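Residues per chain are reported as follows:
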Amino acid sequence: MKNVSNGEYGIKGLRNDNLNISVCEINRRSGVNRGVVKFMRYALIGCGRISPNHIEAKKNNGLDIVAICDINLLSMEDKILKFKLDKNTKHYTDYKEMIEIEKPELVSICTESGKHAEIALFCIEHKCNCIIEKPIALSISDADDIISASIKHHVKVCACHQNRFNKSVQIIREAIDMNRFGRLFYGTAHIRWCRDHEYFDRASWRGTWAQDGGALMNQCIHNIDLLRWMMGSEIDEVVGMTDRLNHSYIEAEDMGIALIKFKNGSYGIIEGTTDIYPKNLEETLYIFGEKGTVKAGGQSVNVIEEWRFSDMLDDPDTVKERFHENPPNVYGYGHTPLYADVINAIQQDRQPYVTAMDGKKALELVLAIYKSAAEGCSVKLPLKECATMDFEGRFQ
């Protein structure tokens, strides 16, 4: 079967039957015969909800963590104890001080979303390669600044859309690259999750326009990224509606619906919400084409539920069995291979599989939905400038 690629930046043979792969495996597939990861100074900024996935990914790839940073000392101590990090791992409450003293080669940024751009730009200016949790930023201008700075300072920036590494997602992408669908008609992304009052109480920045955005920007952006990536990436226009139906204590939306017209003539439909009772229901991705129909479901697009192609190159039941994952939570297993790819990208001086531009495209689509919903009209892409703060007070 044809290898998955990401234009000139793809990794040949990335898809396999166990995408929980290490950097050594990606090195081998890329023609690198190192056997072990050379010493690479790594630091973590932000020790909140998503940080355990980054810590596990760094462990699985043999990275040496030299320092961690958080404004909450207890959060740092908790991660050191829980993940059995070296007791000599340095603690910082000021990321600038940490970067200047420790001089890491690779930094992961796992803070509240509104701080991503500020921190990333400082790291990039100090020659640090970055993995930035989604969304890459909260404005088009900040995303552009990150991209420009990474080019100027010759560092690698990866937007942490780890679901692109799901086994189910990789086999779908391969089918698209092989043109098995024929003409793409439309795709749909559904995110039906639950976020209760306790979730928002645990971090005051959640659901705010300045530091987060709503359901589409936080919980739904992974599947929004996948839909845009699968359907051709370039968008003509977007029509959206958003509302705050069940979370009066947050500023932003808890439900959004959108219709997308892609420049290749296909369409996309997005439905995202955090209003589902009493717990997360599903995250699904459908792709419909002239010669194929696919559905990936599960909690986070990690199960192939439908696999039908006119070419009959493979057995649907076999595909469903081989490309099935059952992760313990909605974050999946994608962080480990994402880290492996970024490490290899640094070593080989190439772009990561998921670039800063990919992060900007996911951000742009969510902002376009917000803009359309606020203005009551369709929105043409590309967006010249837009930010979550443009919608402050919308649901008051």
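Asker: For this particular structure, what's the right way to read helix α3 (residues 73-82)?
Answerer: Each α-helix winds once per 3.6 residues, and so residues spaced three or four apart point in a common direction. Taken together, the buried positions of α3 are occupied by Ser-75, Met-76, Lys-79 and Ile-80. All buried residues of α3 project into a common sector of 135 degrees when viewed along the axis, lining one side. Across α3 from its buried face, at more than 90 degrees, point the exposed residues Leu-73, Leu-74, Leu-81 and Lys-82. N-cap assignment for α3: the residue whose side-chain oxygen lies 2.9 Å from the backbone N of Leu-74 is Asn-72. Of the residues flanking the end of α3, it is Lys-84, one or two places downstream, whose phi is positive at about 50 degrees.

Asker: Just to check I follow, could you spell out the sheet that holds strand β10 (residues 267-273) for this structure?
Answerer: Across a sheet, strands are paired by hydrogen bonds formed along the backbone, either parallel or antiparallel in direction. Strand order in the open sheet formed by eight strands is β13-β12-β11-β7-β10-β9-β8-β14, with mixed pairing between adjacent strands. The sheet terminates laterally at β13 (303-309) and β14 (379-380), the two strands that pair on one side only. Looking at chain direction, strand β7 (residues 184-192) and β10 are connected through seven bridges and run parallel. Within β10, the residue paired with Ile-191 across the bridge is Gly-272. Here helix α9 (residues 221-231) sits on the sheet in contact with β7, β8 (235-243), β9 (255-262), β10 and β11 (282-289), set at roughly 175 degrees to β7. In the packing of helix α12 (residues 356-375) onto the sheet, the strands contacted are β8, β9, β10 and β14, and the crossing angle to β8 comes to about 60 degrees.

Asker: Honestly, empty space enclosed by the protein in this entry has me stumped. Any pointers?
Answerer: Where empty space is left in the structure can be found by rolling a water-sized probe over the atoms. Considering all chains together, one arrives at one cavity of 30 Å³ or more under this definition. What the largest cavity holds in volume is close to 50 Å³. Tyr-199, Phe-200, Gly-207, Asp-212, Gly-213, Gly-214, Ala-215, Asn-218, Gln-219, Ile-250, Glu-253 and Thr-274 are the residues that line the largest cavity. Looking at the lining of the largest cavity, its residues break down into four nonpolar, six polar and two charged.

Asker: In this structure, what is going on with the packing of aromatic side chains? I would like to understand it.
Answerer: A ring pair, where both rings are aromatic, is described by two values, the distance of the centres and the angle of the planes. In the structure shown here, the tally under the stated rule is 13 aromatic pairs. Note on Tyr-42 and Tyr-339: the rings are 5.9 Å apart at their centroids and 65 degrees apart in plane angle, and the pair reads as edge-to-face. Note that Tyr-42 is positioned in strand β1 (residues 41-45) and Tyr-339 in helix α11 (residues 335-348), a separation of 297 residues in sequence. For Tyr-339, a relative accessible area of 0% gives the class buried. The interplanar angle of 70 degrees and the centroid separation of 5.7 Å between the aromatic rings of Tyr-370 and Phe-391 together place this pair among those described as edge-to-face. Here Tyr-370 is found in helix α12, whereas its partner Phe-391 is found in the segment after β14, with 21 residues between them in sequence. On the accessibility criterion, Tyr-370 (2% relative accessible area) is buried. Among the aromatic side chains, those forming a connected cluster through ring pairs are Phe-165, Trp-229 and Tyr-353. If you follow Arg-195 out to its NZ or CZ, it ends over the ring of Tyr-199, 5.3 Å from the centre.

Asker: Please explain the environment of Arg-350 as it appears in this structure.
Answerer: If you trace the backbone, Arg-350 turns up in the loop between α11 and α12. Note on Arg-350: relative accessible area 15%, which makes it buried. A C-alpha to C-alpha distance of 33 Å links Arg-350 and Trp-307, two positions 43 residues apart in sequence.

Asker: What's the story with helix α2 (residues 51-60) in this structure? I'm lost.
Answerer: Among all positions in α2, only Ser-51, Asn-53, His-54, Ile-55, Ala-57 and Lys-58 are buried. Where α2 ends, the next residue or the one after it, Gly-62, has phi of about 75 degrees, a positive value.

Asker: What's the story with the pairing of strand β5 (residues 129-133) in this structure? I'm lost.
Answerer: Consecutive residues of a regular strand have side chains that alternate between opposite faces of the sheet. Buried residues dominate β5, accounting for five of its five residues. Neither face of β5 is open: one carries Asn-129, Ile-131 and Glu-133, the other Cys-130 and Ile-132, and all of them are buried. The parallel pair strand β4 (residues 106-109) and β5, bridged by helix α5 (residues 116-125), forms a crossover whose chirality is right-handed. The pairing of β5 with strand β6 (residues 157-160) spans four bridges and is classified as parallel. Each residue of the ladder has a partner; that of Cys-130, found in β6, is Val-157. For the crossover from β5 across helix α6 (residues 140-152) to β6, the handedness is right-handed.

Asker: Whenever I open this one, the sheet that holds strand β2 (residues 64-69) confuses me. Can you help?
Answerer: With parallel pairing, six strands are arranged side by side in an open sheet as β3-β2-β1-β4-β5-β6. Bordering the open sheet on either side are β3 (90-92) and β6, each of which pairs with just one other strand. Strand-to-strand twist in this sheet, taken as the mean axis angle between neighbours without regard to direction, amounts to 20 degrees. The pairing of β2 with β3 spans three bridges and is classified as parallel. Directly across from Ile-68, in β3, lies its bridge partner His-91.

Thresholds applied
- Residues numbered from 1 in each chain as written.
- Predicted model: local features only at pLDDT ≥ 70, side-chain atom pairs only at ≥ 80, totals over all residues.
- Heavy atoms only, no water.
- Buried < 20%, exposed > 50% of the residue type's maximum accessible area, 1.4 Å probe, protein only.
- Helix = DSSP H or I, 4+ residues; strand = E, 2+ residues; numbered from the N terminus.
- Arc of directions from axis to C-beta.
- Polar contact = N/O pair within 3.5 Å; in protein donor to acceptor, adjacent residues only side chain to side chain.
- Pairing = 2+ DSSP bridges.
- Contact = heavy atoms within 4.5 Å.
- Axes fitted to C-alpha atoms, helices over the stretch in contact; angles between N-to-C directions.
- 1 Å grid on protein atoms, 1.4 Å probe; cavity = no way out; pocket = protein on both sides within 12 Å on 5 of 7 lines; lining within 4 Å.
- Points joined across faces, edges and corners; volume = space filled by probe spheres on them.
- Nonpolar A, V, L, I, M, F, W, Y, C, P; charged D, E, K, R; others polar.
- Phe/Tyr/Trp six-rings, centres within 6.5 Å; stacked < 30°, edge-to-face > 60°.
- Lys NZ or Arg CZ within 6 Å of the ring centre and 35° of its normal.
- Right-handed = clockwise from strand over helix to strand, strands pointing away.

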